[in-house]
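# Breakdown of the fold
Given next are the chains, with one letter for each unit.
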2 protein chains.
Amino acid sequence: MTFSVTILGSGAAAPTSQRYPTAQALQVDEHFFLVDCAEGTQMQLRRYKIRFQQIRAVFISHLHGDHVFGLPGLLSSLSLLERVEPLDLFGPPYMEDWLRGQLKYFTPLGFPLHFHTLTAKEPEFIYEDSRVTVTCFPLKHRVPTWGYLFREKEKLLNIRKDMIGFYHIPLRDIPAIKAGADYDTGEGKPVPNAQLTHPAIKPRSYAYCSDTVYVDDLSRIVKDVDLLYHEATYGNDGKARSKETFHSTADDAARVALAANAGKLVIGHFSARYKDITPLVNEARRVFPNTEAAEDGMVFEIEQRHRAEQ
Amino acid sequence: MTFSVTILGSGAAAPTSQRYPTAQALQVDEHFFLVDCAEGTQMQLRRYKIRFQQIRAVFISHLHGDHVFGLPGLLSSLSLLERVEPLDLFGPPYMEDWLRGQLKYFTPLGFPLHFHTLTAKEPEFIYEDSRVTVTCFPLKHRVPTWGYLFREKEKLLNIRKDMIGFYHIPLRDIPAIKAGADYDTGEGKPVPNAQLTHPAIKPRSYAYCSDTVYVDDLSRIVKDVDLLYHEATYGNDGKARSKETFHSTADDAARVALAANAGKLVIGHFSARYKDITPLVNEARRVFPNTEAAEDGMVFEIEQRHRAEQ
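Residues numbered from 1 in each chain as written. Chains lettered and ligands numbered in written order. Predicted model: local features only at pLDDT ≥ 70, side-chain atom pairs only at ≥ 80, totals over all residues.

## Re the overall build of chain A
Scanning chain A from terminus to terminus reveals 11 helices and 14 strands. In summary, chain A has a C-alpha radius of gyration of 22 Å against a globular reference of 19 Å for 310 residues, a match within 12%. On the principal axes, the C-alpha backbone points of chain A span a range of 70 × 50 × 35 Å. Per-residue burial over chain A gives 45% buried out of 310 residues. (Helix = DSSP H or I, 4+ residues; strand = E, 2+ residues; numbered from the N terminus. Rg over C-alpha atoms; globule rule 2.2 N^0.38 Å. Buried ≥ 20, exposed ≤ 12 C-beta atoms within 10 Å, placed from the backbone.)

In structure tokens form, the structure reads like this:
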């Protein structure tokens, strides 16, 4: 059961030969959720061997070119590859107008687009399927921008086969035990659930925060997240510039991670001015040691853990 | 004095990990002319170290995504890199509507776009600067499509310094000699121009033909071109499909090159169905031996030659 984030682009708006602009693919089991879709996303998906057919939904943070210019090409390719099932697209106001307005000049897509336009001023539950839920939350940038919090759903417990035999548990009682119930043998004290099942699996979570200036209460929203991506366009040398452009420094990102008690912090969206991002990583690690810098093609896997291991 | 074509993308619409969709950069001295601009063009320009500031004009063949989806990103980046001089864009009807219609959702560009909408049903002269002229000519595809013929201008002759001294040629007579005139010493028979100048340089030419089904009189239009790019989406095994989709086979491309007496043929825009394009190259070479297959990053340089070497 995979829960991992592949970095498709780790750069900011100005193109470099090392970093594509922003896009990520969150894998949950065999499904992929695309988070932002900059120019070149479809090439990066090919490069990192992510199958287009497995894309379940697309989540766009804001309407800046370096986060969306890959959408027309990706959608055209999905159509060319004969996708027929609808695609859900979550994103800011005007994203639908922009996209539909231009797609009309080209061969019509062979599948429907289901747009979900965000307006939330507070965290809002926007998506669920059998495996995950997604909540959007507002960020602070020059245009309306949202971050996304992906959470695995609680999984049913795995019942121990040997215990079924030992207690002669009938089939009809198994669903309740998988949901956490104790088992009443009818011969006295019920058998505690923990004795009948394997330890519970902790649902995993991922939060995506780009682009944004430092937001004080963000840590509350992404509290205890396993993996936090937070943009870090600048280092401390670019602090003034970060405020002007409504971006964050590596230090800002690390302060959010620390206050949120995140498992790990990944920083990215580095300005092209930084040929070497080591100083940014060091600045973040001073505040939040478990920080890594995103590079195109990196995969951040969140291991499955039992609650006991917490 | 460089005259060369860099292949930025050699694939057709469906993306592959090996080939970006269609774009090329023609270098004439220190200027670049972009020919088509598929998604990822700006990344390929970075990869192949072509400076954005040197792009002089853009020529688009037709309004299919795999030839234009890189335009919004490229224009945004040019603006971010503080381009101020206008950019000329040549292309099909509706290209301006499509592009302006979507750019209005983003940060306004810092430089003006000068659109030149093609309507020509015959070859038409559309551009010139101090070095080249450009002619567009209609191709036959599913939507209105044009090819482009780039020709270096005739260069003035280089006058031999030793002859200026020997005949005491006054400054005022030099422009005429550079333009090809003989020199009248006033003492009998004029000195023939060939004795006073270095041999004339042959203007070089490049023709771009994509996308198109086989067009019989294309060879007349690109007659004697030094370098011919002609799409070859299919091999002979895809002949029927090529007609249906208004594309060419490698054999079609080679027949155009042969009839045109081209110096060299480059084929590209290969369908993703061909993992190995050797059969296509072989099919073309059977008709026109001096054929090469485009690969992303290849540079086709046309050497400067004197007329005597023709």
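## A word on the interface of chain B and chain A
At the interface, 29 residues of chain B touch 29 residues of chain A. At the level of elements, α1 (41-47), α3 (71-80) and α4 (95-103) of chain B are the ones that each hand at least two residues to the side of chain B that touches chain A. It is α3(B) that provides the largest number of residues to the side of chain B that touches chain A, a total of 5 residues. Broken down by class, the residue content of the side of chain B that touches chain A amounts to 14 nonpolar, 12 polar and 3 charged. (Contact = placed C-beta atoms within 7 Å. Nonpolar A, V, L, I, M, F, W, Y, C, P; charged D, E, K, R; others polar.)

## Overview of the relation of the copies chain B and chain A
Superposing chain B onto chain A requires a rotation of 180° together with a translation of 0.0 Å along the rotation axis, leaving an RMSD of 0.1 Å. These values place the two chain copies in the arrangement generated by a two-fold rotation axis. No C-alpha of chain B lies nearer the rotation axis than that of Gly40(B), which sits 2.6 Å from it. (Least-squares fit on C-alpha atoms with pLDDT ≥ 70 in both.)

## A word on the sheet that holds strand β7 (residues 124-128) of chain A
All names here are of chain A. Ordered in space as β7-β8-β9-β10-β11-β12-β13, the 7 strands form an open sheet in which the pairing is mixed. The outermost strands of the open sheet, each flanked by one partner alone, are β7 and β13 (291-293). Taken over all neighbouring pairs, the strand axes of this sheet differ in orientation by 20° on average, direction set aside. With 4 bridges joining them, strand β9 (residues 146-152) and strand β10 (residues 205-209) adopt antiparallel strand pairing. (Pairing = 2+ DSSP bridges. Axes fitted to C-alpha atoms, helices over the stretch in contact; angles between N-to-C directions.)

## Examining the packing of helix α10 (residues 250-260) of chain B against helix α11 (residues 278-287) of chain B
Residues and elements named next belong to chain B. Direction vectors running N to C along α10 and α11 enclose 30°, while the axes themselves pass 8 Å from each other. Relative to α11, the element α10 lies roughly parallel. Between α10 and α11 lies a crossing whose hand is right-handed. Here α10 contributes Ala250, Asp251, Ala253, Ala254, Arg255 and Leu258 to the contact with α11, which in turn contributes Leu280, Val281, Glu283, Ala284 and Val287. (Parallel < 35°, antiparallel > 145°, perpendicular 65-115°, else oblique. Left-handed = near helix turned anticlockwise from the far one by under 90°.)

## Section: the environment of Ile164(B)
All names here are of chain B. In this structure, Ile164 sits in helix α5 (residues 161-167). The sequence separation of Ile164 and Leu196 amounts to 32 residues, and the corresponding C-alpha distance is 7.9 Å. The contact partners of Ile164, leaving out residues within four places of it in the chain, are Ile159 and Ile169.

## A short note on the environment of Leu80(A)
Here Leu80(A) shows up in helix α3 (residues 71-80). The class of Leu80(A) is partly exposed, set by 19 C-beta atoms lying within 10 Å. When the C-alpha atoms of Leu80(A) and Asp216(A) are compared, they prove to be 44 Å apart, with 136 residues separating the residues in sequence. Every residue in contact with Leu80(A), bar those within four places of it in the chain, is listed here: Ala13(B) and Ala14(B).

## Brief notes about the environment of Leu87(A)
All names here are of chain A. With respect to the secondary-structure elements, Leu87 resides in strand β5 (residues 87-91). Spatially, the C-alpha atoms of Leu87 and Leu75 are 9.2 Å apart, while their sequence positions differ by 12 residues. Among all residues touching Leu87, those that are not within four sequence positions of it are Ala57, Val58, Phe111, Leu113 and His114.

## So, the sheet that holds strand β11 (residues 227-231) of chain B
Residues and elements named next belong to chain B. Within the open sheet, the 7 strands sit side by side as β7-β8-β9-β10-β11-β12-β13. Their pairing is mixed. Where the open sheet ends on each side, the last strands, each with one partner, are β7 (124-128) and β13 (291-293). Strand-to-strand, the axes of this sheet are offset by a mean angle of 20°, without reference to chain direction. Where strand β9 (residues 145-152) and strand β10 (residues 205-209) come together, 4 bridges link them in antiparallel fashion. Note that in β10 the partner of Arg151 across the bridge is Ser205. The sheet strands contacting α10 are β11, β12 (264-268) and β13, and the helix crosses β11 at an angle near 155°.

## A few points about unusual backbone geometry
Residue Asp211(A) is bonded to the preceding Ser210(A) through a cis peptide linkage, with omega at -5°. Mapped onto the fold, Asp211(A) is located in the loop between β10 and α8 (218-221). Of note, His168(B) is a non-glycine position whose phi angle comes to about 50°, a positive value. When you line up the elements, His168(B) lands in the loop between α5 and α6 (174-178). According to the C-beta neighbour criterion, His168(B) is exposed, with 7 such atoms within 10 Å. In the Ramachandran plot, Asn261(B) falls in the positive-phi region, its phi being about 60° despite a non-glycine side chain.

## Digging into helix α10 (residues 250-260) of chain A
All names here are of chain A. The buried count for α10 comes to 9 of 11 residues, which makes it a mostly enclosed element. For α10, the complete set of buried residues consists of Ala250, Asp251, Asp252, Ala253, Ala254, Arg255, Val256, Ala257 and Ala260. The elements touched by buried residues of α10 are α8, β11 (227-231), β12 (264-268), α11 (278-287) and β13. At the C-terminal side of α10, Asn261 shows a positive phi close to 60°.

## Some words on the domain arrangement of chain A
Looking at chain A, the domain boundaries give domain 1 (3-155 + 200-309) and domain 2 (161-196). Computed from C-alpha coordinates alone, the two centres of domain 1 of chain A and domain 2 of chain A are separated by 43 Å. (Domains from an automatic or database assignment.)

## Side note on helix α4 (residues 95-103) of chain A
Of the residues making up α4(A), those classed as buried are Met95(A), Trp98(A), Leu99(A), Gln102(A) and Leu103(A). In a view along the axis of α4(A), the buried residues occupy a sector of 115°, so they form one face of it. Where the residues of α4(A) are buried, they touch α3 and β5 of chain A together with α4 of chain B. (Arc of directions from axis to C-beta.)

## A closer look at the confidence of the model for chain A
Of all residues in chain A, 99% have pLDDT values of 70 or greater, and the mean over the chain is 95. The complex model carries a pTM of 0.91, and its ipTM stands at 0.90. (pLDDT = per-residue confidence, 0-100.)

## Regarding the pairing of strand β4 (residues 55-59) of chain A
All names here are of chain A. The pairing of strand β3 (residues 31-37) with β4 spans 4 bridges and is classified as parallel. Considered in β4, the bridge of Val35 is made with Phe59. Between the parallel elements β3 and β4, the chain passes through helix α1 (residues 41-47) in a crossover that is right-handed. When β4 meets β5, the two strands line up parallel, connected through 3 bridges. Following the sheet pairing, Ala57 is matched in β5 by Asp88. (Right-handed = clockwise from strand over helix to strand, strands pointing away.)

## Quick look at the pairing of strand β1 (residues 3-9) of chain A
One face of the sheet, then the other: side chains in a regular strand alternate in exactly this way. Residues and elements named next belong to chain A. Among the 7 residues in β1, 6 count as buried, and that is most of the element. Pairing of β1 with strand β2 (residues 23-28) involves 6 bridges; the strand directions are antiparallel. Looking across to β2, one finds that Thr6 is bridged to Ala25. By the bridge criterion, 3 bridges tie β1 to strand β14 (residues 299-301) in an arrangement that is antiparallel. For Val5, the partnering residue across the bridge sits in β14 and is Phe300.

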